[in-house]
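# Understanding the architecture of this molecule
Below, each chain spelled out in residue letters.
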Amino acid sequence: MHKLWASTYKEFLLLTRDLGGLAILFLMPLVLLVVITLVQDSTFKTIKEVKIPILLVDQDNGTVSKNIGESLSESNSLEVIKKSSETEALKLVQKGDYQLAIIIPKDLSKDLGSKVTTNVDGILARFGLEEEDSVSTTTKIKPKEIRLYFDPATQQSFKSSIKNGIDKMISKIETKTIYKAFQEQLTEDASEIIFDTESFIIFTEIVPGGDKNPIPNSTQHNVPAWTLFAIFFIILPLSINMVKEKNQGTFIRLRTQPVSYATVLGGKTLVFLLVCLIQFSLMLLIGIYLFPLLGLPRLDVSGKLPLLYVTAFFAGLAAIGLGLLVGTVAKSQEQSAPFGATLVVILAALGGVWVPVFVMPPTMQLLSNISPMNWGLNAFYDVFLRNVGVSEIIPEISLLLGFFILSTLIAIIYYEQKNAV
């Protein structure tokens, strides 16, 4: 135990002597967290608050086109601008001035009413409520086509949502038209028969856990994600310090002492684990106290701190284990610094820090399972967003602990074999 304490104290002195390095180690992740969260939160607000302008060309000028226009205008995300010429609307969309132009064809209301009346008359005639001779036998009415001109740069998700919304509107209008036709045919006074045309099946969005499990926001996503990025970035100073010790002959002097390599790594682990927990604490303080002052959502950690620190503890172990391995294998700072930085960025990209895992291609989603950042991120999200207990995060923290043990064992075995007499 005395040897481990001596090794830990040595690492502490080395770390505290580099004040510039300490400032970068603690301040840069905080700046990164604030900047990224501000950018993403502003993007979310822009999506929610700014309406997308679209063009509407009404060649019908009937009840159907009027209902479509009113429904589009009531949307919280669309601003309807009416144009009289289809050609003009098409040119504006092609230039990229507008993302969408909706063209409502001529006689849409009239032909829809004729089709519905014909079908209703035919149904009533079959039940003997209408004379066969009075049923119209005109030529079948051709389907009407509502043309949608999209900007080629428009995302597919926007196209799908617009198509589904218009299809839903048309279906509702057709249903009301059919009910109205029955009312007119069954009685002279349409007010005597009232059909309920309101939607019978509705959708309700419920977040499991009620108010105790709030909807995720930019703060809840970014604090754990960039905390993990900061924690794993200690690979750089840890590995660089180990390379310096090898180049300065410190390791050679240590080998002359009755101290095992595992004890040396143990001292480094304790010091840098403390650094990781301090980093995490600073990130939490930023989310709780600074973000509200910047107009960002406040980070809610009530009742979650113990599990959050457990997750941070094991994530720190995984990062340290990787740093010990890189520092043991690397022969120079030119090897450890670029390799460590590149490795952290790759693990962050695979782990879902840059881009959420669910939007990745299937192959990348499969590869994300090998990133320790993905394990830590899932554990943080379980605690922040799903209010789980310790039993639910055991799989993730077990993977992080296993990663630390495996990488540290590889580092020890590599060192012992390389320096075997």
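Residues numbered from 1 in each chain as written. Predicted model: local features only at pLDDT ≥ 70, side-chain atom pairs only at ≥ 80, totals over all residues. Heavy atoms only, no water.

## A closer look at the overall build of the chain
What the chain contains, in helices and strands, is 15 helices and 4 strands. For the chain, buried positions account for 40% of its 421 residues. (Helix = DSSP H or I, 4+ residues; strand = E, 2+ residues; numbered from the N terminus. Buried < 20%, exposed > 50% of the residue type's maximum accessible area, 1.4 Å probe, protein only.)

## Some details on the environment of Trp-375
Looking at where Trp-375 falls in the secondary structure, it is placed in helix H14 (residues 372-386). In this structure Trp-375 comes out as buried when scored by relative accessible area, which is 11%. Apart from residues no more than four positions distant in its own chain, Trp-375 is found in contact with Asn-369, Ile-370, Glu-396, Leu-399, Leu-400 and Phe-403. (Contact = heavy atoms within 4.5 Å.)

## Examining a nonpolar patch on the surface
A cluster of nonpolar side chains, Leu-401, Ile-405, Leu-409 and Ile-413, forms an exposed patch at the surface whose accessible area comes to about 330 Å². Here Leu-401 shows up in helix H15 (residues 390-418). (Patch = residues over 30% accessible without salt bridge, like charges linked within 9 Å, V, L, I, M, F, W, Y side chains within 5 Å. Areas by Shrake-Rupley, 256 points an atom, 1.4 Å probe, with all protein chains shown as cover. Salt bridge = Lys/Arg side-chain N within 4 Å of Asp/Glu carboxyl O.)

## Considerations on the sheet that holds strand S1 (residues 52-58)
Spatial ordering of the open sheet is given by S2-S1-S3-S4, a layout of 4 strands whose pairing is mixed. Each edge of the open sheet carries a strand with a single partner, namely strand S2 (78-83) and strand S4 (147-150). For this sheet, the mean inter-axis angle between neighbouring strands, taken without regard to orientation, is 25 degrees. As defined by bridge partners, strand S3 (residues 100-104) adjoins S4 across 4 bridges and the pair is classed as antiparallel. Each residue of the ladder has a partner; that of Ala-101, found in S4, is Tyr-149. (Pairing = 2+ DSSP bridges. Axes fitted to C-alpha atoms, helices over the stretch in contact; angles between N-to-C directions.)

## A look at the pairing of S1
Here S1 runs beside S2; their pairing, made up of 6 bridges, is parallel. Across the sheet, the residue bridging to Pro-53 is Glu-79, located in S2. In this fold, the crossover linking S1 to S2 by way of helix H3 (residues 63-73) has right-handed handedness. Bridge count between S1 and S3: 4 bridges; the pairing is parallel. Among the inter-strand pairings, Val-57 is bridged to a residue of S3, identified as Ile-103. (Right-handed = clockwise from strand over helix to strand, strands pointing away.)

## Topic: unusual backbone geometry
Most of the time, phi is negative for any residue but glycine, and the peptide bond is trans. Despite not being glycine, Asn-61 shows a phi value in the positive range, around 55 degrees. The phi dihedral of Asp-107 falls on the positive side, at around 65 degrees, and the residue is not glycine. You can see Asp-107 is positioned in the loop between S3 and helix H5 (108-126).

## What to know about the nonpolar core
Residues Phe-232, Ile-234, Met-373 and Phe-384 are the most contacted members of the largest nonpolar core, which totals 67 residues. Elements represented by at least two residues in this core include exactly helix H2 (19-49), helix H7 (218-232), helix H8 (235-248), helix H10 (261-293), helix H11 (305-329), helix H12 (333-351), H14 and H15. If one sorts the elements of this core by residue count, H11 sits on top with 13 residues. Setting aside chain neighbours within four positions, we find Phe-384 in contact with Gln-220, Pro-224, Leu-284, Leu-299, Asp-300, Val-301, Lys-304 and Leu-308. Listed in part, the 23 residues of the second largest apolar core include Leu-72, Leu-112, Phe-158 and Ala-181. (Core = buried A, V, L, I, M, F, W, Y, C linked by side-chain atoms within 4.5 Å.)

## Let's talk about the confidence of the model for the chain
When pLDDT is averaged along the chain, the result is 78, and 79% of the positions lie at 70 or above. Element-level pLDDT for the chain is lowest in helix H9 (residues 250-255), with a mean of 66, against a maximum mean of 92 in H11. pLDDT under 50 marks residues 210-215. Its contacts with residues more than four places away, or in other chains, come to 9 contacts. (pLDDT = per-residue confidence, 0-100.)

## Brief notes about the side chain of Thr-227
Position of Thr-227 relative to the elements: it lies in helix H7. Look at Thr-227 and you get buried, because its relative accessible area is 1%. At a separation of 2.5 Å, a polar atom in the side chain of Thr-227 contacts the main-chain carbonyl oxygen of Val-223. If near-sequence neighbours (up to four positions away) are discounted, Thr-227 is found in contact with Asn-222, Phe-280 and Met-283. (Polar contact = N/O pair within 3.5 Å; in protein donor to acceptor, adjacent residues only side chain to side chain.)

## Re the pattern of salt bridges
One pass over the structure, following the stated rule, counts 5 salt bridges. Residue Glu-88 pairs with Lys-83 through a salt bridge whose shortest N-O separation is 3.6 Å. A relative accessible area of 35% means that Glu-88 is categorised as partly exposed. Note that Glu-86 and Arg-147 form a salt bridge whose closest N and O atoms lie 3.0 Å from each other.

## A short note on helix H4 (residues 86-94)
Buried within H4 we find Glu-86, Ala-89, Leu-92 and Val-93. On an axial view of H4, the arc spanned by its buried residues comes to 125 degrees, and they lie on one face. Seen from the open side of H4, the exposed residues pointing more than 90 degrees away from its buried face are Lys-91 and Gln-94. Tucked inside the fold, the buried residues of H4 contact S1, S2, S3 and S4. For H4, the capping residue at the N-terminal end is Ser-85, with a side-chain oxygen 3.3 Å from the backbone nitrogen of Thr-87. Backbone geometry just downstream of H4 places Gly-96 in the positive-phi region, at approximately 90 degrees. (Arc of directions from axis to C-beta.)

## Notes on H3
For H3, the full list of buried residues reads Val-64, Ser-65, Ile-68, Gly-69 and Leu-72. Buried residues in H3, looked at end-on, bunch into an arc of 135 degrees, giving them a common side. Among the exposed residues of H3, those oriented more than 90 degrees off its buried face are Thr-63 and Lys-66.

## Digging into the side chain of Ser-368
Topologically, Ser-368 is positioned in the loop between helix H13 (362-367) and H14. The buried category is assigned to Ser-368, whose relative accessible area is 1%. Here Gln-365 takes part through its backbone oxygen, which lies 2.6 Å from a polar atom of the side chain of Ser-368.

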